[in-house]
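Summary of structural features
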Amino acid sequence: MLGVIRRRVACKGNPALNLEQGIRVIASRAFSSTAKEMTVRDALNSALDEEMSADPKVFLMGEEVGEYQGAYKITKGLLDKYGPERVVDTPITEAGFAGIGVGAAYYGLRPVIEFMTFNFSMQAIDHIINSAAKSNYMSAGQISVPIVFRGPNGAAAGVGAQHSQCYAAWFGACPGLKVLVPYSAEDARGLLKAAIRDPDPVVFLENELLYGESFPVSAEVLDSSFCLPIGKAKIEREGKDVTITTFSKMVGYALQAAEILANEGISAEVINLRSIRPLDRSTINASVRKTNRLVTVEEGFPQHGVGAEICASVVEESFGYLDAPVERISGADVPMPYAANLERLAVPQVDDIVRAVKRACYRSSSLAATA
Amino acid sequence: MAQLTHRTSSLLKPLSFALSSTRHLSSTTPITVETSLPFTGHNIEPPSRSVETTPQELIKFFRDMALMRRMEIASDSLYKAKLIRGFCHLYDGQEAVAVGMESAITRKDCIITAYRDHCLFLGRGGTLVEAFAELMGRKEGCSKGKGGSMHFYKKEGGFYGGHGIVGAQVPLGCGLAFAQKYSKDENVTFAMYGDGAANQGQLFEALNMAALWDLPAILVCENNHYGMGTAEWRAAKSPAYYKRGDYVPGLKVDGMDAFAVKQACKFAKEHALKNGPIILEMDTYRYHGHSMSDPGSTYRTRDEISGVRQERDPVERIRKLVLAHDLATEKELKDTEKEIRKEVDDAIAKAKESPLPDPSELFTNIYVKGYGVESYGADRKELRAVLP
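Just so you know, these numbers come straight off a predicted model, no measurement behind them.

Sites flagged by UniProt as "domain: Dehydrogenase E1 component" (unreviewed entry) map to residues 63-359 of chain B. The straight-line gap between the two end C-alpha atoms of residues 63-359 of chain B is 38 Å; of that span, 46% is helix and 10% is strand.

Structure below.
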């Protein structure tokens, strides 16, 4: 048994001590104040660390989470800190370890199960849906399942068809699950902590390409008690001409598109969904009632996607406010190709978002050409 | 978490008759019983065939099994009367497994099984009314009518269901064992499955991890020789399920003999706490078909079924033992059975009085914490609810 050095950290104190390694202090050129930045990777790592420290029932399980320090280094350092009983390396048997995780949650522990990517969650999907999501309902409240399934979701770079699918729509369809989709470091910290503390099964969809990106984080975000509410979207950029709803990596693309559009006189409001289930319909609808136009953006397959649900919701709740049909930008309706040029065509680009916004604003000439 | 009213198990009701003072045995005098067959071990020395019991336990075994038997027969009638809908998988014939296991363990040990769960539920402290009401989809049911036959639970009694997906309960059971070890509880989990589920990949995945991590998991194969309509020899290249764990030791047990089951479970519990997982194969038999939709006679002969009933019926075995040890007369046992019949009938009547759940229950228990989000009925403009 490895000797375990347990850090005696009060869960609500000393954020600076917890996160020293994760913070890069950046000196601003113009001002003497400093802004703290944090990568999404460090945000997730610190969130796991703090929640494991605060509650001895929280444990991690997955492939390479321990000795390898995490396939994407998200769980780096946690084995040394908490020991092999709480950071459990598994064989490559998703159905088995997802089931074991759910069983442990039935008993009252709080497992955080990592899928190396969510593509492998399909091997365990019966446990996520039938053993976890539905149990509280079928047992009329006797068997609750405080489990988190986390890992990278969606397209990476050049990993091909079997390693690039986005599962937000599939999991988002299931009552009994909560599905979260962080974008920034703040999202990653706040939503993962909320997920671990939540008494219900949570599917936590990260993005591999975001792990290395840095985002500014305030002192509030760095505090170990920081938590974001589940089911509330964030308005990343306010605007008045069109609403863009999106999540995960596409938030960054939508913000870039909004900059380009601003230079062309279109003010886009960018909503970072943060939560696929529950979906923040009230924020979305309030925004559409303000802007009267909607473009949904996602990386996943278009049919029965997240955008389809958002469009339906807006048509049901705010039809009278729409000045244009809802536009959808999504991944291509094809398995993900490998060749770089084809891959680029298979995922949304900033140009696609700009074009769709212009269509929604009746500013595009191509509409006339196809008529 | 829902607070279910704790009801004393009907199985713990006082004995229906006083042991006659002319009998030479007090209710706690130890009696030694031989199991019908020796145990067969795989990579392990099997336990002895001599099992310690008492008159009290013998009588209790009879009563408990007769009650389970009666409950299942009554459920058959209720299903045919269309008061039970959907799936109904009956356990009659297999009672010795439930009763023998229960006698070897405590309520802090966990049991998890698949959908043939009515009798195991009773053994864990569930009541007849809770069972019948659940079968009929009423609000007094153990899952408030929202689960049905395949989804009985009794967490406070260590019973974790009640699962509809064949094989899923085995990794779940290993997860319970993981949690018991993590919590340093010194208890074990019995993860039960059938000969049909014994070929499931996830079982071997979970068993591998249980063995790697020395989890206190006991995998119990209730081999009733038919996975739905498929006989074991058509489904398994090796139907010696107690050997299928390979590096995990196993024991083959006569599942129609409650004392063999008791001995095996006691042995397994001691083993699992010290050495990790072990497999128990209970050689048992179900009189009914796979479910109420299956007559059970297209893939096996009526002679086979009646043969087992003649030679190996678990309730009859105990009746003979009780009579042989002079613990009760035939008439007393018949009276007990009459009382049980009445108890079951009364429970059915009471369950019938229970109303269907309130329509608002459609939207309860989706989440423990709903954050005030909305859920919808078929027509969301007509029916929607805010989840607490």
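Still to come is the rest of the account.
Before going further, it helps to examine the sheet that holds strand β5 (residues 110-114) of chain A. Residue and element names in this part refer to chain A. Read from one edge to the other, the open sheet built from seven strands follows the order β4-β3-β5-β6-β8-β7-β13, with strand pairing classed as mixed. Each end of this open sheet is capped by a strand with a single partner; those strands are β4 (87-89) and β13 (275-277). On average, each strand axis in the sheet is tilted by 20° relative to the strand beside it, whichever way the strands run. Where strand β6 (residues 148-152) and strand β8 (residues 202-206) come together, five bridges link them in parallel fashion. Residue Val 148 lies in a different strand from β8, and its bridge partner there is Val 202.

Proximity of charged atoms lets side chains of opposite charge pair with each other. Per the stated rule, a full pass over the model turns up 43 salt bridges over all chains. Residue Asp187(A) is joined to Arg274(A) by a salt bridge in which the shortest nitrogen-to-oxygen separation is 2.6 Å. Of this pair, Asp187(A) sits in helix α8 (residues 185-197) while Arg274(A) sits in the loop between β12 (268-272) and β13, and the two are 87 residues apart along the sequence. Just as Asp187(A) is buried, Arg274(A) falls in that class too. In this structure, Lys262(B) and Glu57(B) form a salt bridge, with 2.7 Å as the shortest nitrogen-oxygen distance. On the criterion of sequence distance, the pair formed by Lys262(B) in helix α8 (residues 258-275) and Glu57(B) in helix α1 (residues 55-80) is long-range, its members being 205 residues apart. In this structure Glu57(B) comes out as buried when scored by relative accessible area, which is 15%.

So, about the packing of helix α10 (residues 249-263) of chain A against helix α14 (residues 350-360) of chain A. All names here are of chain A. Two elements in contact, α10 and α14, have axes separated by 9 Å at closest approach and are oriented at 55°. By the criterion of interaxial angle, the relationship of α10 to α14 is oblique. In this structure, the crossing between α10 and α14 has a hand that is right-handed. For the pair formed by α10 and α14, the contact residues are Tyr 253, Ala 254, Gln 256, Ala 257, Ile 260 and Leu 261 on the first element and Val 350, Ile 353, Val 354, Val 357 and Lys 358 on the second. Counted by class, the contact of α10 with α14 contains nine nonpolar, one polar and one charged residues.

Those places that UniProt annotates as "domain: Transketolase-like pyrimidine-binding" (unreviewed entry) correspond, in this numbering, to residues 38-213 of chain A. Helix and strand shares over residues 38-213 of chain A are 37% and 16% respectively, and the end C-alpha atoms of the span are 8 Å apart.

The subject of this paragraph is the sheet that holds strand β6 (residues 217-223) of chain B. All names here are of chain B. In space, the six strands of this open sheet follow the order β2-β9-β10-β6-β5-β4, with mixed pairing throughout. The open sheet has two free edges, formed respectively by β2 (40-42) and β4 (110-112), since each of these has just one partner strand. Within this sheet the neighbouring strands show an average axis-to-axis angle of 20°, counted without direction. Pairing geometry for β6 and strand β10 (residues 278-283), over six bridges, is parallel. The residue of β10 that forms the bridge with Val 220 is Leu 280.

Within the structure shown, the criterion is met by 17 aromatic pairs over all chains. Where Phe59(A) meets Phe178(B), the ring centres are 4.9 Å apart and the plane angle is 35°; that geometry is what we call tilted. Pair noted here: Phe59(A) is in strand β3 (residues 58-62) and Phe178(B) is in helix α5 (residues 169-182), and the two residues belong to different chains. Both residues of the pair, Phe59(A) and Phe178(B), belong to the buried class. When the ring of Phe121(B) is compared with that of Phe152(B), the centres are 5.0 Å apart and the planes differ by 70°; the resulting orientation is edge-to-face. Remark: Phe152(B) occurs in the loop between α4 (128-135) and α5 and Phe121(B) occurs in helix α3 (residues 118-123); sequence separation between them is 31 residues.

A few words on the environment of Ile105(B). Residue and element names in this part refer to chain B. Along the polypeptide, Ile 105 turns up in the loop between α2 (95-104) and β4. Judged by its relative accessible area of 11%, Ile 105 is buried. Considered as a pair, Ile 105 and Ala 133 are 28 residues apart in the sequence and their alpha carbons are 27 Å apart. Discounting residues that sit within four places of it in the chain, Ile 105 has contacts with Ile 111, Arg 124 and Phe 190.

Calculation notes
Residues numbered from 1 in each chain as written. Chains lettered and ligands numbered in written order. Predicted model: local features only at pLDDT ≥ 70, side-chain atom pairs only at ≥ 80, totals over all residues. Heavy atoms only, no water. UniProt positions renumbered as here; feature names shortened; annotations may be inferred. Helix = DSSP H or I, 4+ residues; strand = E, 2+ residues; numbered from the N terminus. Pairing = 2+ DSSP bridges. Axes fitted to C-alpha atoms, helices over the stretch in contact; angles between N-to-C directions. Salt bridge = Lys/Arg side-chain N within 4 Å of Asp/Glu carboxyl O. Buried < 20%, exposed > 50% of the residue type's maximum accessible area, 1.4 Å probe, protein only. Parallel < 35°, antiparallel > 145°, perpendicular 65-115°, else oblique. Left-handed = near helix turned anticlockwise from the far one by under 90°. Contact = heavy atoms within 4.5 Å. Nonpolar A, V, L, I, M, F, W, Y, C, P; charged D, E, K, R; others polar. Phe/Tyr/Trp six-rings, centres within 6.5 Å; stacked < 30°, edge-to-face > 60°.

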